[in-house]
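Structural overview
The residues making up each chain are set out below.
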Amino acid sequence: MSVTLQEPAAPVESAEPAERGRLDRFFEITRRGSTVKREVLAGITTFAAMSYIVVLNPLIIGTAPDKDGNLLGMGPVAGVTCLVAAVMTIMMGVVGRVPFAVATGLGLNAFVAYAVASQMTWAEAMGLVVIEGLIITVLVLTGFRKAVFRAIPASLKAAIAAGIGLFIAMIGFVDGGFVRAGTGVPVQLGGDGTLRGWPTVIFLVGLLLTGIMVARKVKAGVLIGIVVTTVLAVIVNAFAKPGGAFLPDGQPNPNGWRLNVPTLPDPLVKAPDLHLLGNVSFSAFAHVGVMTALLLVFTLVLADFFDVMGTTVGLAKQAGLTNADGTDMPRLGKVLFVDGVAAVAGGAGNASSATTYVESSSGIADGGRTGLTSVVTGVLFLGALLLTPLVSLVPSEAAGPALVIVGALMIRQVKDIDFTDVGVAVPAFLTMTLMPFTYSITNGIGAGFVSWVAIRVAQGKARTVHPLMWAVSAAFVVYFGINLVKAVTGVS
């Protein structure tokens, strides 16, 4: 398809003769109004803005037990997170030739950790991620991906994004010790209804610091917040010695660090632990049942749809790469193809599904217009492989605030929901609230789909419901009533 590029916002600068060689022609640097220097600086900016995933993904994936209580471990997860981000971001730059970076998707990794791995082994959970990536890739190649994406009402898409934001924030509050299981109530403030202990102070300082920097649009504000809060945590731990989550006698320590104690690792730099690569299994269908496994895969596919399509369109518009009406862009098929392969790579590497990152907008804002920006970002992720031991230094009280702030950014999607229409408001509300309240992204999405169809039918608007919505909702009805289905059919 022939697509006319929009004029870039920034004026085109004349390139140096050396830049008009093979590199320039391959990435179309001059044609897109950029320079090699600008692309390199933009790549560094994007890396700084999204490198927090090297810390957050291990805290989510590496510390969540599977059904047998086994952990992947923070160090190994940090290593594969860096590797997958490096390889797939470079691939996006070379194949897609756009300034989009790729890494483990926040929200998707939480779903894998708390909704998938809790029902099976980690190897089986990552096997489902690989299947999800393969499905995404096939849907891209067949052109079906756009059809499914268009079948979901826009308000429901926004509600899913906002609900995942609430879910991520809930995880941040819990991991930071700010919200805990209550006595007489489901949850409460702190361990006894009050805030106490130095770790809680660190969490609050980190929350305010990160929020202020993001509000002031400080580049890499999330990463800076994690780093500064971690340094404070190390200092506090050295002098106050609050201890870990449990006392020497095995009793809970309400004033201690929730997950890991912030102490300097030895050594600081070492070769990455990549033993998780390829540790996947496809036996989940036998262990949890075909219907459950299929619905988990479907939810992964669905979440990936919403995240990638919206992010791709937004970044392309920002970079001036879309056509006049914003419906298409050069090499869109290749960009979506790389994203599908990234999901497969994330599962095969045990880093969880990888996807295009909205933080790429920071590099685009600094002038990145071509795939060279992504190549630079990917190379920096390769360098970060040697620093993965530092992950064990970061307590959840320092990383939790970042999750809360990311959740706050994601929930801004509610502005696209028409709450004046009850047929929209109720499904959207159920989608958003059930995710954090049930600690399950699947439950929120399912409730939203089923209620959307049911209310539209009751309103006499059944013909407005896309056929794919009917099929998906029927699958979720089976999912919610799986125990009844098993009892009636005798299927285990």
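Reading the values: rules and limits
Residues numbered from 1 in each chain as written. Predicted model: local features only at pLDDT ≥ 70, side-chain atom pairs only at ≥ 80, totals over all residues. Heavy atoms only, no water. Helix = DSSP H or I, 4+ residues; strand = E, 2+ residues; numbered from the N terminus. Rg over C-alpha atoms; globule rule 2.2 N^0.38 Å. Buried < 20%, exposed > 50% of the residue type's maximum accessible area, 1.4 Å probe, protein only. Areas by Shrake-Rupley, 256 points an atom, 1.4 Å probe, with all protein chains shown as cover. Lys, Arg positive; Asp, Glu negative; His and termini not counted. Charge placed at Lys NZ, Arg CZ, Asp CG, Glu CD. Contact = heavy atoms within 4.5 Å. Salt bridge = Lys/Arg side-chain N within 4 Å of Asp/Glu carboxyl O. Core = buried A, V, L, I, M, F, W, Y, C linked by side-chain atoms within 4.5 Å. Phe/Tyr/Trp six-rings, centres within 6.5 Å; stacked < 30°, edge-to-face > 60°. Lys NZ or Arg CZ within 6 Å of the ring centre and 35° of its normal. Polar contact = N/O pair within 3.5 Å; in protein donor to acceptor, adjacent residues only side chain to side chain.

1. Remarks on the overall build of the protein chain
When you go through the protein chain residue by residue, the secondary structure sums to 20 helices and 4 strands. On C-alpha atoms alone, the protein chain measures out to a radius of gyration of 23 Å, which is about the 23 Å that the 2.2 N^0.38 rule sets for 492 residues. Projected onto the principal axes, the alpha-carbon positions of the protein chain cover approximately 70 × 65 × 45 Å. Expressed as a percentage of the 492 residues in the protein chain, the buried residues total 54%. Here the protein chain displays about 20,300 Å² of accessible surface, and carbon together with sulfur accounts for 67% of that area. For the protein chain, the separation between the mean place of its 31 positive charges and that of its 27 negative charges on side chains is 5 Å.

2. Description of the environment of Gly371
Within the secondary structure, Gly371 sits in helix H15 (residues 371–384). Judged by relative accessible area, which is 0%, Gly371 ranks as buried. With 282 residues separating them along the chain, Gly371 and Thr89 place their C-alpha atoms 9.2 Å apart. The contacts of Gly371, once residues within four sequence positions are left out, are Phe27, Gly93, Arg97, Val98 and Pro99.

3. Things to note about the pattern of salt bridges
Summed over all chains, the structure comprises 5 salt bridges. With a closest N to O distance of 3.3 Å, Arg32 and Glu28 form a salt bridge. Here Arg456 and Asp421 are joined by a salt bridge, their closest N and O atoms 3.3 Å apart. Of this pair, Arg456 sits in helix H18 (residues 441–458) while Asp421 sits in the loop between helix H16 (396–410) and helix H17 (422–437), and the two are 35 residues apart along the sequence. Judged by relative accessible area, Arg456 falls into the buried class, the value being 9%. The network of salt bridges with shared partners includes Glu28, Arg31 and Arg32.

4. Let's talk about the nonpolar core
Side chains of nonpolar character tend, in soluble globular proteins, to be buried together. Residues Phe100, Leu106, Trp122, Leu128 and Phe449 are the most contacted members of the largest nonpolar core, which totals 111 residues. The biggest single contributor to this core is helix H12 (residues 290–318), with 13 residues. The residues contacting Leu106, other than those within four sequence positions of it, are Tyr52, Ile53, Leu56, Ile60, Ile168, Tyr357, Leu403 and Val406. Membership of the second largest hydrophobic core comes to 6 residues, among which are Val179, Phe203, Val404 and Ile405.

5. Remarks on the packing of aromatic side chains
Under the counting rule described, the total for this entry stands at 11 aromatic pairs. Ring pairs connect the aromatic residues Phe298, Phe449, Phe476 and Phe480, which therefore count as one cluster. Residue placement shows Arg456 over the ring face of Trp452; its charged tip is 5.0 Å from the ring centre.

6. Examining the environment of His287
Structurally, His287 is set in helix H11 (residues 284–288). By relative accessible area, His287 is classed as exposed at 52%. Each C-alpha atom of the pair His287 and Leu72 lies 20 Å from the other, and the pair is 215 residues apart in sequence. At a separation of 2.4 Å, a polar atom in the side chain of His287 contacts the side chain of Glu124.

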